Amino acid sequence: MEKKLQGIKKKVIECTKCELSATRNNAVPGKGNYKSDVIFVGEAPGKNEDMKGEPFIGVAGNKLSTALESAGISRNEVYITNIVKCRPPKNRVPTAIERNTCQNYLKKEIEIINPKIICVLGNTAFNSLLDGKEIIKFRGKVVRKNNQLYFLTIHPAATIYNQKLISVLKKDIKKLFKLIQKIKEGKKVKIDIEHMP
Ligand code: URA
Ligand code: SF4
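Residues numbered from 1 in each chain as written. Chains lettered and ligands numbered in written order. Predicted model: local features only at pLDDT ≥ 70, side-chain atom pairs only at ≥ 80, totals over all residues. Heavy atoms only, no water.

1. Some remarks on the pairing of strand β2 (residues 38-42)
Under the convention used in this document: Three labels apply to residues, based on accessible area from a 1.4 Å probe with only protein chains included: buried if under 20% of the type maximum, exposed if over 50%, partly exposed otherwise in between. Secondary structure follows DSSP: runs of H or I at least 4 residues long count as helices, runs of E at least 2 residues long count as strands, and numbering of each begins at the N terminus. Strands qualify as paired when DSSP identifies two bridges or more between them.
Within β2, five of the five residues are buried, which leaves the element mostly enclosed by the surrounding structure. One ladder, built from four bridges, connects β2 with strand β3 (residues 79-82); its direction is parallel. Across the sheet, the residue bridging to G42 is N82, located in β3.

2. Comments concerning the packing of helix α4 (residues 59-70) against helix α8 (residues 163-184)
Stated formally: Note on method: axes are straight lines fitted to C-alpha atoms, helices fitted across the in-contact stretch only, with angles between N-to-C directions ranging 0 to 180 degrees. In what follows, roughly perpendicular refers to angles from 65 to 115 degrees, roughly parallel to angles under 35, roughly antiparallel to angles over 145, and oblique to any angle outside these ranges. Crossing handedness: left-handed means the near helix sits turned counterclockwise from the far one by under a right angle, and right-handed means the same turn made clockwise. In what follows, a contact means two residues having at least one pair of non-hydrogen atoms within 4.5 Å.
At their nearest, the axes of α4 and α8 sit 8 Å apart, and the two run at 50° to each other. As judged from the angle between their axes, α4 and α8 are oblique. α8 is crossed by α4, and the crossing has right-handed handedness. When α4 is examined against α8, the residues K63, T66, A67, L68 and S70 are found in contact with a partner set consisting of Q163, I166, L169, K170, I173, K174 and F177.

3. Comments concerning empty space enclosed by the protein
Stated precisely, the cut-off is as follows: Computed over the protein atoms alone on a 1 Å grid, cavities are sets of points where a 1.4 Å probe fits but cannot get out and pockets are open sets with protein on both sides within 12 Å along at least five of seven lines; a residue lines them when it has an atom within 4 Å of a point. Grid points are joined across faces, edges and corners, and a volume is the space filled by probe spheres set on the points.
Within this structure, the stated rule accounts for two cavities of 30 Å³ or more. Of the volumes computed, that of the largest cavity is approximately 120 Å³. Residue lining of the largest cavity: 13 residues in total, with C15, C18, C86, C102 and Y105 positioned closest to the centre. Those elements that place two or more of their residues in the lining of the largest cavity are α2 (20-23) and α5 (96-113).

4. Regarding the nonpolar core
Formally: Nonpolar cores are built from buried Ala, Val, Leu, Ile, Met, Phe, Trp, Tyr and Cys residues. Side-chain atoms within 4.5 Å join them into one set.
Core analysis: the biggest nonpolar cluster contains 30 residues, and V41, I83, V120, L129, L130, Y150 and L152 have the highest contact counts within it. Contributing elements (two or more residues each) for this core: α1 (2-14), β2, α5, β4 (117-121), α6 (123-130) and β6 (148-153). At six residues, α5 tops the list of elements feeding residues into this core. Setting aside residues up to four positions removed in sequence, L129 forms contacts with V41, I83, L106, I118, V120, K145 and Y150. Counting residues in each nonpolar core, the second largest holds 26 residues, with F56, A60, L64 and V78 among its members.

5. Some words on the pattern of salt bridges
To keep it simple, the criterion reads: Between Lys or Arg on one side and Asp or Glu on the other, a salt bridge is scored when a side-chain nitrogen of the former is within 4 Å of a carboxyl oxygen of the latter.
Evaluation of the coordinates by the stated rule reveals eleven salt bridges. Linking E14 and K10 is a salt bridge whose minimum nitrogen-to-oxygen distance equals 3.5 Å. Here E14 and its partner K10 are both found in helix α1, four residues apart, which amounts to about one turn of the helix. The same class applies to E14 and to K10, which are both exposed. Among the salt bridges present, the one from R92 reaches E98, with a minimum N-O distance of 2.8 Å. According to the relative accessible area criterion, E98 is buried, its value standing at 2%. One network of salt bridges, in which partners are shared, links D37, K116 and K184.

6. Focus: α4
Formally: Given a helix with a known number of residues, its expected span is that number minus one, times 1.5 Å.
The end-to-end C-alpha distance of α4, which contains twelve residues, comes to 17 Å, matching closely the 16 Å that a straight helix rising 1.5 Å per residue would cover. Looking at α4, one finds that the buried residues are A60, G61, K63, L64, S65, A67 and L68.

7. Brief notes about the site of ligand 1
Keep this limit in mind: In these notes, residues near a molecule or strand are those with any non-hydrogen atom within 4 Å of it. Throughout this description, a polar contact denotes any pair of N or O atoms lying within 3.5 Å of each other; where both atoms belong to protein, one of them has to be capable of donating a hydrogen while the other can accept it, and for residues adjacent in sequence the pair is counted only when both atoms sit in side chains. Throughout, the Shrake-Rupley method with a 1.4 Å probe supplies accessible areas, and for residues the shown protein chains are the sole cover considered.
Taken together, G42, E43, A44, E49, P55, F56, N82 and H155 form the complete shell of residues around ligand 1. Measuring from a nitrogen atom of ligand 1, one finds a backbone N or O atom of A44 at 3.0 Å. Here F56 contributes a backbone N or O atom positioned 2.9 Å from an oxygen atom of ligand 1. A total of 230 Å² of accessible area belongs to ligand 1 in isolation, and the protein chains cover 92% of it.

Written as structure tokens, this is what we have:
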């Protein structure tokens, strides 16, 4: 398992499949516990992530860490990644072409880790993974698609200038880990949205 994940990491670091490779300093593969019950999926690396080659280490990353800590979870217990692995110039939203070109890496990460649930952070991940939009209306909900569970919440960066949203993120993350506990105990979880394949 860990070997396979290392293989993906190496491919990401060397990847030149889309034009984001031309402007990046470092590609940013996913990071964390390969035995995690959950994969967190953000949008794309920002400035700090691009400098260090690690996901969610800037201000948004601090918000995510804070929310995890409030649920009693430390970052290294979980696996964190992004829809695209290289920083878009000026942090623009990655294009459909870039997202499609990069999607196989995320698909592999999911296959290898086989998480009980995928936590969708914000609109870009929501749109890319589930064809959704307006995550603020759907946050806190559980989606099932092709037999995979997803939990929807806001992007941690959305909480930076809006104090109210940090409590929303914390509340959602607490709910997520309660759901995971239920799944592990073999209890039924309520599916809010069924996506037909
Ligand atoms: N925002 C993201 O979506 N991903 C990161 O890794 C950092 C900030
Ligand atoms: Fe490759 Fe993805 Fe980086 Fe594009 S964003 S160069 S597809 S790793």
